[in-house]
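What follows is each chain in one-letter form.
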Amino acid sequence: MTNSYQAKDIQVLKGLEAVRMRPGMYIGSTETRGLHHMLWEIVDNAIDEAANGYADTVSITLHADGSATVDDNGRGIPVDVHPEMGITGVEVVFTQLHAGGKFSSKQYQYSGGLHGVGASVVNALSKRLVVEVGTNGILYRQEYASVRDEATGKIVPGKAMGPLENLGRTRRRGTRVTFWPDADVFETTDFHFEPIARRLRELSFLNRNVTLQLTDERVKEDGKYKSVSYHSEGGIVDFVRFLNTGRDTLFQMPILMEGRVGDTQVSVAVQYNDGYSEAIYSFVNNIPTTDGGMHETGFKAAFTKCMNDTIKKTGVFKDNKVPALSGDDYREGMTAVVSLKLANPQFEGQTKTRLGNAEARTAVEAVVTETLTAYVEDLRNQKVVTAICEKAAQAARAREAARKAKTLSREKSKLDSAPLVGKLAACTGRKPELNELFIVEGDSAGGSAKQGRDRSFQAILPLRGKPLNSEKKRLEQVLANEEFRTIITALGTGIDSDFNIKNLKYNRIIIMADADQDGAHIRAILLTFFYRYMRQLIQQGHVYIAMSPLYQVKKGNKGEYVYDDAALPKVVAKFGKGYTIQRYKGLGEMNPEQLWTTTMDPATRTLIRVTVEDAAEAEHLVTLLMGDKPEPRKEYIFEHSNFNRVDTFAQWGAHVDGE
Ligand code: TSJ
C-alpha cells in the first residue's frame, strides 16, 4: 500500500498532564457540553474510517455505570510498533497529544476543525479507558487509567496499565473504545440521549450509507434498551427533505449539486417550501458552520448568477414585467444544505463557526455553476426552474412594494421611540450590564412578577396573547405584531439588518412561561424570533429560560420546590411520611414571594442559557408545530410532549446556570 499509514507518521507534541490541568482548553467545558465533546472526539475517528470507505457501521452505547462505548467495523487502529518511539500505533493514539495520524496521514485528509484534538485527550480526562482492535483475525486489547502517583500524590493521566495484549483469534474487525469520564474532572458525567441522537441523525445525512446506532443501557422501553439507528442513502438530499418535514414544498426532489475541485469535495442540496425565510445549513468536514463563510458566499453568488442567466437566456418570463431578481429573492423559502470536505479548514469569528478559506468559495462557485447550469438546461426540470423563478419574482414584487411604501424602514425607526407605557414595568437601575428583562407569559403571572421582583435591576414585560409565529411571515408582518414590537422597543437594539447589540438595554433576557404545552410553544416562538432577527443576542449568551417549579413538597414548616418530574420521587422519599404535594399548573398560581424565591431571585433560581443550537432546534420545532401538514405535528407532539422540562433543555445541550 503506497498510502499505508505508518505509526512513525504520528507526530508527538505534548504530554497529557497539560490536558488534565486545563480541560476546558481542549474540550471547551467540563459541563454536559464538554462531556459530549469527549464522545464526539471518539465518534469522529470512527466516522472518518467509515467516510473513507473502510467501515459501514458506527455504534454508540451508553452504559449504566457512566461509561460509553464507540464501535466501528473498520480496519482497526494500527497495532504495529512505532519504529522511533517503540510503542504501538494504538498507544500513540491514546497517549500522545495531537496524534492519531490526523495531522500527517493522507487517510485523514478531511479531519480537523473543532473536534480532532485526539483520542488522547479523552484518555487523559477518563478514569479508565479500554480499547479493543480486531484486525487480521486477531483481537487486541489495552487498558488505560488515570491513577494517583503514590510518591507525588499527583494524578498520572491516561497511563497504560499494561502492553497491547493479543487475546487470540477473532472474527471481529474494527475498533471498540470504552471510556469512563472522570467525575473529578466533569461537573456531570450524565450523557444525554436526545442531543447525541440528534447529532447522529445529522451525521447520517452528512455521511450517506453509514449506519449510526445509539443504545442507552440506562433506560429500558418495552423490555428493550432505548435505541435509535440512522442510515441515509440520499445523504444531504434526504437532509433537506427532512428539514422541510411538514411543509408544503415547491417541488418534490431537492436539486443536488455535487463535485470536487482539487482536494475539495462540494455537495449542495436545495429545495423550497412555501414560506418566506431562508434556511441554509452549512457544514465543513461534518462540523456545522452556523456563521456561514466562504462556502455559503460562493453558493449564494453562483446560485443567483446562474438563475439570473437562465431567466435571460430562456425567457422564463416572456412578458418582461419582472423586476431584477436579487439573491434574497431567490432565497425566500429556500432550504439548503451545503457540505464541504476540505483539507485545511480555517474557522474564524468569535465562535469559530465561519469558514475563512477563500478557495472554498471558488470551489463551491465552480461546482454549483456547472451542475446547476446543467440542471436548468435539462428540459425535464423546466417546471422546477419556472417555479423557483416565479417565487423569486413574487419576492421581488413584495420587496419593491415595501420599498415604495417605505413601510419597513419607517416601521423600524418608529419602534425606537414607541411608548411602552402600561406594558413594560421598567427597572430603576441604569446599568444595562446589570439589568434583566423578564418576558412573562400572561397578565396574571406578569402581575406577580412585577410585585415579586427586585425593581432595581429587574424589568417585567408581560405578554398578553401568544406572539405570532414569525416563521411564516415576512419581516413587515413581524413588525406589525404588537407583542414583537413591544419586545423590540424594550430591548432597544433594533432588528434584522438594523440590529445593534451596543444599544441592548438588558444583559439578560429571561423568558418565563408555564411548564406546559402552551408555555413551550411560546418559548419556541420567542426563540425562533430571536434566532431569526436578533441572532447575536443568543450567540453572545444574553437569552435565558427561567425554570419554575412543578411541585412543592411540604411537611410541617419544611418545604422544597421540585423542578422536574424525575426529581419528585427522590424529594418525596426524603420527607418520609405525612407530606403534601402541591402541583403548580402555571406561574399564575404562585404568589409574588414564591415567584421571587423559586424563579427570579439570582441567589436561588435556575436559569438555562439558550445556545444557538437550542434556538435552531426551536425553529425546527416551530416549523413542525405550525407547518401545513398535521401528521408530523402530531408525531412530534407525541414524541416530545415533555419537551419543556429540565431534562429536555439539558438534552438540548443547554447550559444550565445554577446561580
Ligand atoms: F478515537 C480513537 F482513536 F480512539 C478511535 C479510532 C476510536 C474509534 C471508535 C475508532 C477509531 C478508528 C481508527 N477506527 N478506525 C481507525 N482507523 C485507523 O486508525 C487506521 C487504520 C488503518 C490505516 C492504514 O493506513 O492501514 C490507517 C488508519 C488511520
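It should be emphasised that the depicted structure is a prediction, and the values quoted were computed from it without experimental measurement.

Colleague: What's the story with the pattern of salt bridges in this structure? I'm lost.
Modeller: Pairing is possible between side chains that carry opposite charge, provided their charged atoms lie close to one another. One pass over the full model with this rule turns up 28 salt bridges. Residue Asp328 is joined to Arg331 by a salt bridge in which the shortest nitrogen-to-oxygen separation is 3.1 Å. Here the residue Asp328 and the residue Arg331 both occupy positions in helix α9 (residues 327-331), the gap between them amounting to three residues, near one helical turn. On the basis of relative accessibility, which here comes to 10%, the residue Arg331 falls in the buried class.

Colleague: Sorry, what's going on with the packing of aromatic side chains here?
Modeller: In this description, an aromatic ring pair is defined by two values, namely the gap between the centres and the angle between the planes. Inspection of the entire model under this criterion finds twelve aromatic pairs. For the pair Phe94 and Tyr144, a centre-to-centre distance of 5.6 Å together with 35° between the ring planes defines the contact as tilted. Note that Phe94 is positioned in helix α4 (residues 89-95) and Tyr144 in strand β4 (residues 138-148), a separation of 50 residues in sequence. Across the pair, exposure class does not vary: Phe94 and Tyr144 are buried alike. Between Phe484 and Phe529, the ring centres sit 4.1 Å apart and the planes meet at 20°, which makes this aromatic pair stacked. Here the residue Phe484 occupies a position in helix α15 (residues 482-491), and Phe529 occupies one in helix α16 (residues 517-533), the gap between them amounting to 45 residues. Judged on exposure class, the residue Phe484 and its partner Phe529 are both buried. An aromatic cluster is present here, built from Phe205, Phe239, Phe242 and Phe283 joined pairwise through their rings. Its guanidinium or amino end placed over the ring of Phe193, Lys226 lies 4.3 Å from that ring's centre, counting from NZ or CZ. Seen from the ring of Tyr531, Arg535 lies directly overhead, with NZ or CZ sitting 3.9 Å from the centre.

Colleague: Can you help me understand the sheet that holds strand β22 (residues 558-562) in this one?
Modeller: Sheet strands line up and pair through hydrogen bonds in the backbone, either parallel or antiparallel. The strand order across the open sheet built from three strands is β22-β21-β23, with neighbouring strands paired in antiparallel fashion. The sheet is open, and its two edges are formed by β22 and β23 (580-583), each paired on a single side. On average, each strand axis in the sheet is tilted by 20° relative to the strand beside it, whichever way the strands run. The pairing of strand β21 (residues 551-555) with β23 spans four bridges and is antiparallel. Note that in β23 the partner of Val553 across the bridge is Ile581.

Colleague: Please explain the sheet that holds strand β14 (residues 334-341) as it appears in this structure.
Modeller: The five strands lie next to each other as β10-β11-β14-β12-β13, forming an open sheet whose pairing is mixed. This sheet does not close on itself; its edge strands, each paired only once, are β10 (255-261) and β13 (287-288).

Colleague: Can you walk me through the nonpolar core in this structure?
Modeller: Soluble globular proteins tend to pack their nonpolar side chains together in the buried interior. Counting 50 residues, the largest nonpolar core has Leu39, Ile60, Phe94 and Phe179 as its most contacted members. It is helix α3 (residues 32-51) that provides the largest number of residues to this core, a total of nine residues. Each residue touching Leu39, except ones within four places of it in the same chain, is listed here: Ile60, Ala68, Val70, Phe179, Phe191 and Ile196. Membership of the second largest hydrophobic core comes to 46 residues, among which are Ala490, Tyr531, Met534 and Ile545.

Colleague: When you look at the packing of helix α6 (residues 193-206) against helix α7 (residues 236-243) in this model, what are you seeing that I'm missing?
Modeller: A packed helix pair is summarised by two numbers, namely the angle formed by the two axes and the spacing between the axes. As a packed pair, α6 and α7 sit with axes 7 Å apart at the nearest point and diverge in direction by 135°. Considering the angle they form, α6 stands oblique to α7. Where α6 approaches α7, its residues Arg201, Glu202, Phe205 and Leu206 are matched on the opposing element by Ile236, Asp238, Phe239 and Phe242. Residues that form the contact of α6 with α7 fall into these classes: five nonpolar, no polar and three charged.

About the cut-offs
Residues numbered from 1 in each chain as written. Predicted model: local features only at pLDDT ≥ 70, side-chain atom pairs only at ≥ 80, totals over all residues. Heavy atoms only, no water. Salt bridge = Lys/Arg side-chain N within 4 Å of Asp/Glu carboxyl O. Helix = DSSP H or I, 4+ residues; strand = E, 2+ residues; numbered from the N terminus. Buried < 20%, exposed > 50% of the residue type's maximum accessible area, 1.4 Å probe, protein only. Phe/Tyr/Trp six-rings, centres within 6.5 Å; stacked < 30°, edge-to-face > 60°. Lys NZ or Arg CZ within 6 Å of the ring centre and 35° of its normal. Pairing = 2+ DSSP bridges. Axes fitted to C-alpha atoms, helices over the stretch in contact; angles between N-to-C directions. Core = buried A, V, L, I, M, F, W, Y, C linked by side-chain atoms within 4.5 Å. Contact = heavy atoms within 4.5 Å. Parallel < 35°, antiparallel > 145°, perpendicular 65-115°, else oblique. Nonpolar A, V, L, I, M, F, W, Y, C, P; charged D, E, K, R; others polar.

Any link to function would need more than the numbers given here.
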